[in-house]
Amino acid sequence: MSDPASSSASPADGPRRSSSERPGAEILYEEKLTPAWWMWLLVLFAGLVALIALAPIDLWVAGAAALVVGGGTAVALVASSTRIVVTDEFLQVGRARIERRFVGEAEAFRGDDVRRVRGPELDGRAYMNFRASVGPVVRIRITDPVDPTPYWLTSTRHPERVVEVLSGRP
């Protein structure tokens, strides 16, 4: 199961009301794709590089630069977090949003299959939402006849659960 800090709602949680949508909209699934613990080592590494690079010049400047660079890296990590939200009316992945009536078949991929669908089989017209610290992906077909996007491909920690919710299974 996932770490509670990595997901704003457990996939086992039942439907709940959406505060940002119309009063009747129920959130069937919600996941926040936050960085994994090891991604935070980048913050430490970036600050350390700034400290080492500027230490010969002045330790105070080096310390200030390390804080600024580390802080900027931390802000970038937090800002890069995206959400997957499924309600009875729409699907939202990051900034992309589509009505559920245009959502087709969804497929879950793990392991070597992820490399295949993100590599040789990838359609350049697809909407992609990848996270380096989240391995599994879900491919969601788009059936809107006026949308040239054939499918959305997004990272998720719970690909099977996303497929279940999109296919209408409890």
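Since the structure is predicted, the reported quantities are computational estimates derived from the model, not experimental observations. (Residues numbered from 1 in each chain as written. Predicted model: local features only at pLDDT ≥ 70, side-chain atom pairs only at ≥ 80, totals over all residues. Heavy atoms only, no water.)

Q: Teacher, can you tell me more about the sheet that holds strand E8 (residues 137-142) here?
A: Within the open sheet, the 4 strands sit side by side as E6-E8-E9-E7. Their pairing is mixed. Looking at strand neighbours, the two that pair on one side only are strand E6 (103-109) and strand E7 (127-129), the edges of this open sheet. Each adjacent strand pair in this sheet contributes to an overall mean axis angle of 15°, direction not counted. In terms of strand pairing, E6 meets E8 through 5 bridges, oriented antiparallel. Counted as the bridge partner of Glu107 is Arg139 from E8. (Pairing = 2+ DSSP bridges. Helix = DSSP H or I, 4+ residues; strand = E, 2+ residues; numbered from the N terminus. Axes fitted to C-alpha atoms, helices over the stretch in contact; angles between N-to-C directions.)

Q: Would you explain helix H1 (residues 41-54) in this entry?
A: Three- or four-residue spacings in an α-helix give side chains the same orientation, since the helix completes a turn every 3.6 residues. Taking 1.5 Å per residue, 14 residues should reach 20 Å; H1 reaches 20 Å between its end C-alpha atoms and fits that length. For H1, the full list of buried residues reads Val43, Ala46, Gly47 and Ala50. Down the axis of H1, the buried side of the element spans an arc of 95°, and every buried residue falls inside it. Facing away from the buried side of H1 by over 90 degrees, the exposed positions are Leu44, Phe45 and Ile52. Against helix H2 (59-79) lie the buried residues of H1. (Expected span 1.5 Å × (residues − 1). Buried < 20%, exposed > 50% of the residue type's maximum accessible area, 1.4 Å probe, protein only. Arc of directions from axis to C-beta. Contact = heavy atoms within 4.5 Å.)

Q: What is the right way to read H2 from this model?
A: Here H2 spans 30 Å end to end across 21 residues, near enough to the 30 Å set by a 1.5 Å rise per residue. The complete set of buried residues in H2 reads Ala62, Ala65, Ala66, Gly70 and Leu77. All buried residues of H2 project into a common sector of 125° when viewed along the axis, lining one side. Across H2 from its buried face, at more than 90 degrees, point the exposed residues Trp60, Leu67, Val68, Val75, Val78 and Ala79.

Q: Just checking my understanding: could you explain the nonpolar core for this structure?
A: Of all hydrophobic cores here, the largest spans 20 residues; its most connected members are Leu91, Ile98, Ile140, Trp152 and Leu166. Among the elements of the structure, strand E2 (26-33), strand E3 (82-87), strand E4 (90-93), strand E5 (96-99), E6, E8 and helix H4 (159-166) are those that each provide at least two residues to this core. When sequence neighbours within four positions are dropped, the list of residues in contact with Trp152 reads Leu91, Val93, Ala96, Arg97, Ile98, Tyr127, Val138, Arg139, Ile140 and Ile142. In this structure, Val117, Ala126, Val137 and Leu153 belong to the second largest nonpolar core, which totals 7 residues. (Core = buried A, V, L, I, M, F, W, Y, C linked by side-chain atoms within 4.5 Å.)

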